[in-house]
Amino acid sequence: MAGRKLRAFRGKLLYRALLLLARMARALPLERGRNIGRLLGSLAWHLVRHERNKALRNIARAFPDWPDSRRRDTVREMFRHLGQNLMEMLWLLHAPVGERMRYTVVENAAPLLEVIRAGRGIVAFTGHCGNWEWTAATVSALGIPLWAMQRERDERELNDFIIEYRRRIGIGTIDRGSERSGRELIRTLRNGGMIGMLIDQNIRAESAKVPFFGIPALTPIGPARLAIRTGSPVVAVFSMRRDGKHHVRFTDPIETTRDDDPVALTARI
């Protein structure tokens with residue numbers, strides 16, 4: 001009971017902080033908002049010790065040859081990058097599509113758009129790389145009907161904030177735990193939409209170990225099963241921050257058949 005109350009308190013506190021930051025982001029130029037985000041990230045580097053230490057352990061496994069100083073510098077910069085992401089995401093709420101695209105470089109979207117114009121749905125794989133919400137907003141700006149898969153959060157206000165945020169930038173939300181989620185996923189694909197899924201974390205879902213930085217890592221295979229079941233092509237899409245812009249890059253669509261192995265497909269992505 002005490003743990004539940006603590007989580008509820010944290011959720012309300014985070015929700016109030018997001019509202020305050022959203023008002024701040026609306027009133028600031030993007031670059032100034034990014035600077036504030038970097039300050040927030042630097043503060044988190046010092047305060048959020050558990051996540052900092054976990055990141056340091058993981059980067060040591062991914063890059064065992066790096067000296068400790070380089071790992072710490074990289075993880076510290078990651079915290080600053082995530083702070084920028086937060087302020088950018090809140091800035092997107094009030095930015096017209098044309099303004100968003102001033103800060104976006106889209107790479108290899110033509111093959112994807114060709115599939116969508118043919119009336120076929122696509123399963124898009126991504127991860128917590130670059131600014132994943134900016135990536136989603138870019139997909140929406142290209143005129144692609146996009147639905148994001150997520151786990152409904154226990155904190156009602158925070159959950160509603162995220163759903164409304166995505167709705168305002170042109171993205172639908174499907175709750176992974178709902179009874180109707182399977183029907184919604186299939187209907188979206190059959191109607192020529194895109195399902196966006198982040199698969200770079202170990203979650204409570206059907207998973208298999210696939211190589212990641214040479215290490216077997218539990219990874220959800222449900223998205224690959226969905227694509228194979230519906231015969232939908234899959235793409236990977238990632239963004240990276242470069243010279244003040246987000247470079248959003250799509251891979252060529254990969255066709256699927258009923259004979260495909262979902263574990264092999266997930267590993268390939």
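Before reading further, recall that the structure is shown in the block above.
Below is a short write-up of the structure.

## Things to note about the overall build of the chain
Phase 1 of the analysis: When its secondary structure is counted, the chain shows 11 helices and 9 strands.
Phase 2 of the analysis: For 269 residues, the compact-globule formula gives about 18 Å, and the C-alpha radius of gyration of the chain, at 19 Å, lands near that figure.
Phase 3 of the analysis: Once the C-alpha set of the chain is aligned to its principal axes, its extents read approximately 50 × 45 × 45 Å.
Phase 4 of the analysis: Looking at the chain residue by residue over its 269 residues, the buried ones come to 42%.
Phase 5 of the analysis: For the chain, the accessible surface area stands at approximately 15100 Å², while carbon and sulfur atoms represent 53% of it.
Phase 6 of the analysis: Here the chain contributes 46 positively and 28 negatively charged side chains, and the mean placements of these two sets differ by 5 Å.

## Notes on unusual backbone geometry
Phase 1 of the analysis: Despite not being glycine, asparagine 108 shows a phi value in the positive range, around 65°.
Phase 2 of the analysis: Tracing the chain through its elements places asparagine 108 in the loop between strand E1 (104-107) and helix H6 (110-117).
Phase 3 of the analysis: Located in the positive-phi region is aspartate 243, a residue other than glycine, with phi close to 55°.
Phase 4 of the analysis: Mapped onto the elements, aspartate 243 comes out in the loop between strand E8 (234-242) and strand E9 (245-250).

## Details of the packing of aromatic side chains
Phase 1 of the analysis: All chains considered together, the criterion is met by 7 aromatic pairs.
Phase 2 of the analysis: Considering the side-chain rings of phenylalanine 212 and phenylalanine 213, the 5.0 Å spacing of their centres and the 90° angle between planes classify their relative orientation as edge-to-face.
Phase 3 of the analysis: On the basis of relative accessibility, which here comes to 51%, the residue phenylalanine 212 falls in the exposed class.
Phase 4 of the analysis: For the cation-ring pair, arginine 52 lies above tryptophan 45, with the distance from its terminal atom to the ring centre recorded as 5.4 Å.

## Comments concerning the side chain of threonine 219
Phase 1 of the analysis: Here threonine 219 lies in strand E7 (residues 215-220).
Phase 2 of the analysis: Taking the relative accessible area as the measure of exposure, threonine 219 reaches 10% and is therefore buried.
Phase 3 of the analysis: A distance of 3.0 Å separates a polar atom in the side chain of threonine 219 from the backbone oxygen of alanine 217.

## Describing the pairing of strand E5 (residues 194-198)
Phase 1 of the analysis: Burial analysis of E5 places 4 of its 5 residues in the buried class, which makes it a mostly covered element.
Phase 2 of the analysis: Two strands pair when backbone bridges link them, and strand E2 (residues 122-126) and E5 are joined in this way by 5 bridges, in the parallel orientation. When the bridges of E5 are listed, alanine 124 appears paired with glycine 196.
Phase 3 of the analysis: Pairing geometry for strand E3 (residues 146-150) and E5, over 3 bridges, is parallel. From the neighbouring strand, tryptophan 147 faces E5, where its bridge partner is isoleucine 195.

## Some details on the packing of helix H9 (residues 181-190) against helix H10 (residues 222-230)
Phase 1 of the analysis: Closest axis-to-axis distance for the H9/H10 pair is 11 Å, and the angle between their directions is 50°. One way to sum up the angle between H9 and H10 is to call them oblique. Note that H9 runs across H10; the crossing there is right-handed. Of the residues in H10, those in contact with Leu185, Ile186 and Leu189 of H9 are Leu226, Arg229 and Thr230.

The rules behind these values
Residues numbered from 1 in each chain as written. Predicted model: local features only at pLDDT ≥ 70, side-chain atom pairs only at ≥ 80, totals over all residues. Heavy atoms only, no water. Helix = DSSP H or I, 4+ residues; strand = E, 2+ residues; numbered from the N terminus. Rg over C-alpha atoms; globule rule 2.2 N^0.38 Å. Buried < 20%, exposed > 50% of the residue type's maximum accessible area, 1.4 Å probe, protein only. Areas by Shrake-Rupley, 256 points an atom, 1.4 Å probe, with all protein chains shown as cover. Lys, Arg positive; Asp, Glu negative; His and termini not counted. Charge placed at Lys NZ, Arg CZ, Asp CG, Glu CD. Phe/Tyr/Trp six-rings, centres within 6.5 Å; stacked < 30°, edge-to-face > 60°. Lys NZ or Arg CZ within 6 Å of the ring centre and 35° of its normal. Polar contact = N/O pair within 3.5 Å; in protein donor to acceptor, adjacent residues only side chain to side chain. Pairing = 2+ DSSP bridges. Axes fitted to C-alpha atoms, helices over the stretch in contact; angles between N-to-C directions. Parallel < 35°, antiparallel > 145°, perpendicular 65-115°, else oblique. Left-handed = near helix turned anticlockwise from the far one by under 90°. Contact = heavy atoms within 4.5 Å.

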